[in-house]
Amino acid sequence: MKAARSGTKDGLEKTKLAVMRKVSLLQRKDQSEEEDDAGYLDVAVSEMKHPPPQLSPMPEGLTNHQVVRRHILSSIIQSERSYLESLRRILQEYHRPLMEADPRILSPRKIRPIFYRVREITQCHSMFQIALASRVAEWDSSEKIGDLFVASFSKSMVLDVYSEYVNNFTGAMALIKKACLSKPAFLEFLKKKQASSVDRITLYGLMVKPIQRFPQFILLLQDMLKNTPKGHVDRLPLQLALTELEMLAEKLNEQKRVADQITETQQLARSVSDRLLSKQLNAEQGSLVLCETLIETVYGERGQVLKSKERKVFLFDDVLICANINVKGPPDISSLVPVGPKYTMKWSAPLQQVQVVEAGQEGPQGKDTFFQQSGAKRTGGACTSGKVILGPPRLYQELQELQHDLSVVEEVTLLVGTLQGTYQNLNTTVAQDWCLALQRLIRIKEEQIQSANKCRLRLQVPGRPDKSGRPVSFMMVFNTPNPLSKISWVNRLHLSKIALREENSPGWLYGEDEGKTKAPLWCPLLSCHMPVFATKSPERKLEAALHNPVHCALLGFSAASTSLPQGYLWVSGRGEGSQGQIEIFSLNRPLPRAVKSLQVGSAVRCLEYVPEPPQADEVEAAVHKAPSGSGANICVGLDDGRILVYGSVDTAAQCLLTLRNPEGCPVLCLKQSARFLFAGLRDGTMMVYGRSNSDDLWEPDSCRCVNLGSEPVRTLLVLDDSVWASCGNSVTAVDVSSLSTQKFEVHPDPMVSVAHMACAGGGVWMAFSEGSSIRLFHTETLELLQEINISTRSTLLNTGQKNMRVTSLLICQGLLWVGTAQGLIITLPVPKLEGIPKITGKGMISLNAHCGPVDFLVATTSTLSPELLKRDSVGESPDSACGGEDRSDTSSQESLQQSSSYQGEGRGKGRGVLLQYKLRSTSGLPGRPLTAQGDEASDSSLESLEHSVEDGSIYELSDDPEMWVRGRPCEREGGRRDRVISAAVISGGKGFRRLKEGAPAGTRTNVEGLENILMVWQLPLTV
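Residues numbered from 1 in each chain as written. Predicted model: local features only at pLDDT ≥ 70, side-chain atom pairs only at ≥ 80, totals over all residues. Heavy atoms only, no water.

Counting its regular elements, the chain contains 22 helices and 42 strands. Considering only residue pairs separated by 6 or more positions, the chain has 66% of its internal contacts joining residues 24 or more positions apart. When the accessible surface of the chain is split by element, carbon and sulfur atoms take 50% of a total near 44100 Å². (Helix = DSSP H or I, 4+ residues; strand = E, 2+ residues; numbered from the N terminus. Contact = heavy atoms within 4.5 Å. Areas by Shrake-Rupley, 256 points an atom, 1.4 Å probe, with all protein chains shown as cover.)

By the definition in use, this model includes 21 aromatic pairs. With a centroid separation of 5.9 Å and an interplanar angle of 70 degrees, the aromatic rings of F128 and F217 are classed as edge-to-face. Here F128, found in helix 5 (residues 118–137), pairs with F217, found in helix 11 (residues 209–226); they are 89 residues apart in sequence, far enough to count as distant. By relative accessible area, F128 is classed as buried at 0%. Centroid distance Y162 to F214: 4.8 Å. Interplanar angle 65 degrees. Geometry classified as edge-to-face. Residue Y162 is found in helix 8 (residues 156–182), and its partner F214 is found in helix 11; the two are separated by 52 residues along the sequence. Y162 sits in the buried class, given a relative accessible area of 1%. Ring pairing ties together the aromatic residues F128, F149, F153, Y162, F214 and F217, which thus form one cluster. The ring of W698 has R691 sitting right over it, with the charged end atom 3.9 Å from the ring centre. (Phe/Tyr/Trp six-rings, centres within 6.5 Å; stacked < 30°, edge-to-face > 60°. Buried < 20%, exposed > 50% of the residue type's maximum accessible area, 1.4 Å probe, protein only. Lys NZ or Arg CZ within 6 Å of the ring centre and 35° of its normal.)

Below, the discussion takes up the sheet that holds strand 34 (residues 815–820). Here five strands make up an open sheet; going across it, the order is 11-36-35-34-33 and the pairing antiparallel. Bordering the open sheet on either side are strand 11 (508–509) and strand 33 (806–812), each of which pairs with just one other strand. Direction of pairing for strand 34 relative to strand 35 (residues 825–829): antiparallel, over a ladder of five bridges. Bridge pairing links L816 to L828 in strand 35. (Pairing = 2+ DSSP bridges.)

Take a nonpolar patch on the surface next. On the surface, a nonpolar cluster with roughly 490 Å² of combined accessible area is contributed by V408, V412, L419, Y423, L426 and W434. Note that Y423 resides in the loop between helix 15 (393–416) and helix 16 (428–454). (Patch = residues over 30% accessible without salt bridge, like charges linked within 9 Å, V, L, I, M, F, W, Y side chains within 5 Å. Salt bridge = Lys/Arg side-chain N within 4 Å of Asp/Glu carboxyl O.)

With that settled, consider the pattern of salt bridges. Once the charged atoms of two side chains with opposite charge are near each other, the side chains can pair. Scanning the entire structure with this criterion turns up 23 salt bridges. Where R213 meets E80, a salt bridge forms, and the shortest distance between an N and an O atom there is 3.0 Å. Within this pair, whereas R213 is found in helix 11, its partner E80 is found in helix 3 (residues 64–100), the two being separated by 133 residues in sequence. A residue is classified by how much of its surface remains accessible, and E80, at 0% relative accessible area, is buried. A salt bridge links R89 to D199; its shortest N-O distance comes to 3.0 Å. Highlighted residues: R89 in helix 3 and D199 in the loop between helix 9 (184–196) and helix 10 (203–207), separated in sequence by 110 residues.

Let us now look at the side chain of T297. Turning to its location among the elements, T297 is positioned in strand 3 (residues 288–299). The class of T297 is buried, set by a relative accessible area of 2%. Here T297 is in contact with V305, K307, S308, V477 and N479, once residues within four sequence places are set aside.

Attention now goes to the sheet that holds strand 28 (residues 741–745). Pairing between the strands of a sheet is mediated by backbone hydrogen bonds and can be parallel or antiparallel. With antiparallel pairing, the four strands of this open sheet are ordered in space as 25-26-27-28. Looking at strand neighbours, the two that pair on one side only are strand 25 (716–718) and strand 28, the edges of this open sheet. For this sheet, the mean angle separating the axes of adjacent strands, direction not counted, is 20 degrees. Pairing between strand 25 and strand 26 (residues 722–727): three bridges, direction antiparallel. (Axes fitted to C-alpha atoms, helices over the stretch in contact; angles between N-to-C directions.)

Taking burial as the measure, the twelve residues of strand 4 (residues 305–316) include nine buried ones, the bulk of the element. Alignment of strand 3 against strand 4, held across eleven bridges, turns out to be antiparallel. Within the sheet, the bridge partner assigned to L294 lies in strand 4 and is R311. With five bridges connecting them, strand 4 and strand 5 (residues 319–325) associate as antiparallel partners. Looking at the pairing, F314 lines up with I321 of strand 5.

At a minimum axis distance of 11 Å, the contact between helix 5 and helix 7 (residues 146–153) shows a crossing angle of 160 degrees. The pairing of helix 5 with helix 7 is recorded here as roughly antiparallel in orientation. Viewed along their axes, helix 5 and helix 7 form a crossing whose handedness is right-handed. Between helix 5 and helix 7, the residues in contact are H125, F128, A131, L132 and R135 and D147, L148, F149, S152 and F153, respectively. Split by residue class, the contact of helix 5 with helix 7 holds six nonpolar, two polar and two charged. (Parallel < 35°, antiparallel > 145°, perpendicular 65-115°, else oblique. Left-handed = near helix turned anticlockwise from the far one by under 90°. Nonpolar A, V, L, I, M, F, W, Y, C, P; charged D, E, K, R; others polar.)

Printed below as a string of structure tokens:
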């Protein structure tokens, strides 16, 4: 118990050893158990000697933060108690009765794989509960919990036990399904156990809880961290605990994804009649990019919807497969355990020949493109005229007809106005009513077209050539569950094609163990490389770049999911002599396009984007709105000491203001906060420019000066209420309001200076002017947390370099990007949440490199317009109004589960972890609701198969802190629920070269001339 109270990293191990010394509590496993269990000890914990955690009554005089932290601690206690009870129910109500049954219901050889590692997980959490009870007992004096989570769940034993459980989970469910079909006694046993339980949770509902456990912990610790003030003794431990749990949860999530993916692929491979394709599927089970149940719509000759049917669509890295979904299985089994469907392959097509087509883009397809029709074989000509417009495209024809009629009626209205006499129903008022009615019909038709695009995936798929040998393609139309699903499909199809290009096959070099368990498209994909300047000049050198996000309202639905993050890319460089040059690129397409070039009188050293300040009445809504660019500015730091402020409303880019420092000292770096602009100068000074209102420009007269030392201020970093400025081998934290300073040394060598800083969560990574090491510091305690030598990562590529100088640094989408003087780009995985951005895995090296130093790395991100994501009801869509739609196959329970699962998946992704298996997506799990309500839960809610949406905060406390209730739908989360973020990373440097695996980095293959080149890496949309 002493080790548990100390909260050291090995506290759990010491606690377990201390418990094991009590011989009366220790029970060795029977020798008949499997050899795999030989390394684990079965520890029975007596509740008499180790009572569960109990929080003492709340003392008086607590602050609001302390009160909330006690409530969250109570939630942790109750959550863990409920979880342990579920684990014990699995062992006591299912495992033990099955093992002791006489006559036997199942043989022990089948029982053990079903409950594999449940006992060991129970032991881990029994030990954690003992340590938690010790910590809770002294809560009022210590108020510390983060280190306990680190000590308990950072051990390899926990990861091993959970990994083995997760890897076995899909197989265990298959065994249960098979036993239900072959052993009626086992099926009856499961039904009786469920019926006799108070909460009606199925065995599946209990066994899925370990998969959800760490997401629950993460959400609770996030709430705890939010209510822990800076300077509190628990801040850093909580951040470290979040990091450990996120890393553990992502590993388990990835293993679950791989297991499910292999199961789906194997099921599909059995249904494929083509031996070659079946063999390919079995050999490349890790290449499944996306699969989902979609609704294929079949049209008649006049464009009416005849019927719709569920299909399972599989997107692999090089082929698209559509399959029929066969009968799922008996309903009594489906309610107890998820029964995977069987498939029959309908068609397959090479990915390169599949095109996404939006409504209204059918013109170029001509008469060789046909819509799938009822009873028409894909090999024959379904339409001979080529002039009939079918399905959603007919909406455009109807819209054009309405617009034509409106123009005619407007002319008639003018003519009616010239009538000399008075006639019944023939006057200007009636004619204007006609116009208004037609305008309403046009508006409805436009909304129908938009709805058709939002939830309809239209694919042009190659068919067999016709009798004359001409290629024929078919248009397949699928209904997606929601707009997010449509966006995800279009984006993954686009990226999968990019992944097939030579420069991405492979695009990155990583350890042998890495890529085996990773999802397709997990590596950033090089979408293009292109010259910066229109004319070649060896004297030009790139200095900086930034992303100016501007929402483009004209961008179509699919274009928004395949283009780069919307807005403009500004790239600066030194021109010939002392001249500076800025190139502006538009990013509203899959490839950057140069739109403007600016010449300035001095070399450009740095750029800074100043976003449009939110209006007072729009502060709440600003989080959910795409940046409009109105009122935003670009600050340009020059070698002659000037700071030019450009407007960024459009590409006119007018210079609005010029700021000067008295000495004319070069401006090396710029950063902005809400009311201040910070400029780091070469002479060791930081200039601070203020403005009275956030709408105004910076005031030159408000300039204040902070002297940081004699070395140049090479980089700045703005945190919540301070700005970090580097000067030599030290960093000074400057308070934004008072300009008070706190200086701390970050490198022991006084000849080395801090060159780059990148912040994420509660940590700052720093790179230096010399050497290949990068260091991580805590933003609050300024403590050194980790040091990494990137040259050891480059040994994968046999670089032959002992030291690799870092020339650029960036954190984006859970990756720390490092650019080197050798032109290599290295990525290292870091957490995405509010924890500490420690390196949590092995690095990768891009096989696409620059020939000279990587001058900059810039992240471009934008949120798709919320208008694009508004959900349109499929039942109210234009096609259903056409009549005759057959929905007989879409009412199955699995269809509802698939759809709700995807929606839950989208909600879960907003926080960046556990996209599919977090608690918020339990609404999509088959079987009875996974409720944690008490005994007073209404019978109707327990009987209903409808799953209500659970709040992101998991559960809320009722008046009685010991009682758990479902959280109410959270309006605050509602705005973020449908956020879709587009991201890309752009690097700049001299030349482009393609490296070969195993070849020394000095060997240049595929080298382009030493002109300044941009490389653009596109990342999958996060939804």
